[in-house]
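# Architecture and fold: a report
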Amino acid sequence: MNASTEEFALGAEEVQQTILILNLSVAQIDLSITEGDHSVNTLIDSFTFMSQHIEEIQASSQNILDLVSDNEAAQSYNALLASHTTELASKMQQAIIAFQFYDKLSQRLEHVSKGLSGLAEIVSHEMRVKNREEWDAFKQTVRKGTTMREEEELFELIFDQHIPTDEAIEIMRSRMLTRMKENKNEATEEEDEIELF
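In this report, we go over the structure that sits alongside the text.

This paragraph deals with the packing of aromatic side chains. Between two aromatic rings, the relevant description is the distance of the centres plus the angle of the planes. All chains considered together, the criterion is met by two aromatic pairs. Measuring from ring centre to ring centre gives 6.3 Å for W135 and F138, while their planes differ by 80°; the resulting arrangement is edge-to-face. Of this pair, W135 and F138 both sit in helix α5 (residues 132-144), three residues apart, which is roughly one turn of that helix. Since its relative accessible area comes to 29%, W135 is described here as partly exposed. In this structure F138 comes out as buried when scored by relative accessible area, which is 16%. Taking the centre distance of 4.5 Å and the plane angle of 25° together, the rings of F155 and F159 count as stacked. Residue F155 and its partner F159 are located together in helix α6 (residues 149-160), separated by four residues, close to a single helical turn. The ring of F49 has K91 sitting right over it, with the charged end atom 5.2 Å from the ring centre.

For the rest of this paragraph, the subject is the packing of helix α3 (residues 71-123) against α5. At their nearest, the axes of α3 and α5 sit 11 Å apart, and the two run at 175° to each other. By the criterion of interaxial angle, the relationship of α3 to α5 is roughly antiparallel. For the pair α3 and α5, the contacting residues are G115, G118, L119, I122 and V123 in the first and E134, W135 and F138 in the second. In terms of residue class, the contact of α3 with α5 is made up of five nonpolar, two polar and one charged.

Bringing the packing of α5 against α6 into the picture now. Following both chains from N to C, one finds α5 and α6 inclined at 155°, their axes separated by 10 Å at the closest point. Considering the angle they form, α5 stands roughly antiparallel to α6. Contacts between α5 and α6 pair K139, V142 and R143 from the former with E152, F155, E156, F159 and D160 from the latter. Looking at side-chain class alone, the contact of α5 with α6 contains three nonpolar, no polar and five charged residues.

Per the counting criterion, the structure on display carries nine salt bridges. Put simply, D160 and R143 hold a salt bridge, and the shortest N to O gap is 2.7 Å. With a gap of 17 residues between them, D160 in helix α6 and R143 in helix α5 connect regions that are remote in the sequence. For R143, a relative accessible area of 23% corresponds to the partly exposed category. Here E153 ties to R175 by a salt bridge, and the two come within 3.1 Å at their closest N and O atoms.

In this section: the side chain of S113. Along the chain, S113 turns up in helix α3. Apart from residues no more than four positions distant in its own chain, S113 is found in contact with V26, I29 and D30.

Let us look at unusual backbone geometry. With a phi angle near 55°, H162 is a residue other than glycine that sits in the positive phi range. Positionally, H162 belongs in the loop between α6 and α7 (165-193). Residue classification places H162 among the exposed residues on the basis of a relative accessible area of 65%.

This brings us to α5. With 13 residues, α5 should cover 18 Å at 1.5 Å per step; its first-to-last C-alpha distance of 18 Å lies within 8% of that length. Backbone nitrogen of E133 and a side-chain oxygen of the N-cap are separated by 2.8 Å at the start of α5; the cap is N131.

The subject of this paragraph is the environment of I97. Along the chain, the position of I97 falls in helix α3. For the pair I97 and S39, spaced 58 residues apart in sequence, the C-alpha separation works out to 9.3 Å.

Conventions we followed
Residues numbered from 1 in each chain as written. Predicted model: local features only at pLDDT ≥ 70, side-chain atom pairs only at ≥ 80, totals over all residues. Heavy atoms only, no water. Phe/Tyr/Trp six-rings, centres within 6.5 Å; stacked < 30°, edge-to-face > 60°. Helix = DSSP H or I, 4+ residues; strand = E, 2+ residues; numbered from the N terminus. Buried < 20%, exposed > 50% of the residue type's maximum accessible area, 1.4 Å probe, protein only. Lys NZ or Arg CZ within 6 Å of the ring centre and 35° of its normal. Axes fitted to C-alpha atoms, helices over the stretch in contact; angles between N-to-C directions. Parallel < 35°, antiparallel > 145°, perpendicular 65-115°, else oblique. Contact = heavy atoms within 4.5 Å. Nonpolar A, V, L, I, M, F, W, Y, C, P; charged D, E, K, R; others polar. Salt bridge = Lys/Arg side-chain N within 4 Å of Asp/Glu carboxyl O. Expected span 1.5 Å × (residues − 1). Polar contact = N/O pair within 3.5 Å; in protein donor to acceptor, adjacent residues only side chain to side chain.

What follows is the structure in structure tokens.
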């Protein structure tokens, strides 16, 4: 076996190991999506909790109507209603956040999984891996799969602006934290404007 044959054999083995690692990554992502179902369970528990409190609020409201003549009892039921609605609003917010997180997480992981599968497909074929048009088409496919703002921005930072991955991650973390704070402030302002009774 000459040197060039040894180099080719080593290269083929490395390609095979790369494909295995990519396939492992795809499997890990798919399992992460399954584990992400925990967020959905949180959502279900939160809505169950809210449903129970709504029933208690309805029963309390009926009791208030029945006891209109008893002022002290009416005040007691009003306090109970206020307590339940506060807890209900808190749980509802948690449910919404859990659902939004799970939805975004699932979308991102699905996009990453598709990207890794496409990469494994190109790398597994010697002719395709050396074809510039294949890589350009693959890159465009990945870009089209970026349906969320953060994904598009990350793509631009890494592919268009050629910013190192670690730096791009830090830039995106900073942007996302700023947006989360802005969204939290907007949600608080909206809650302040809502009148329950």
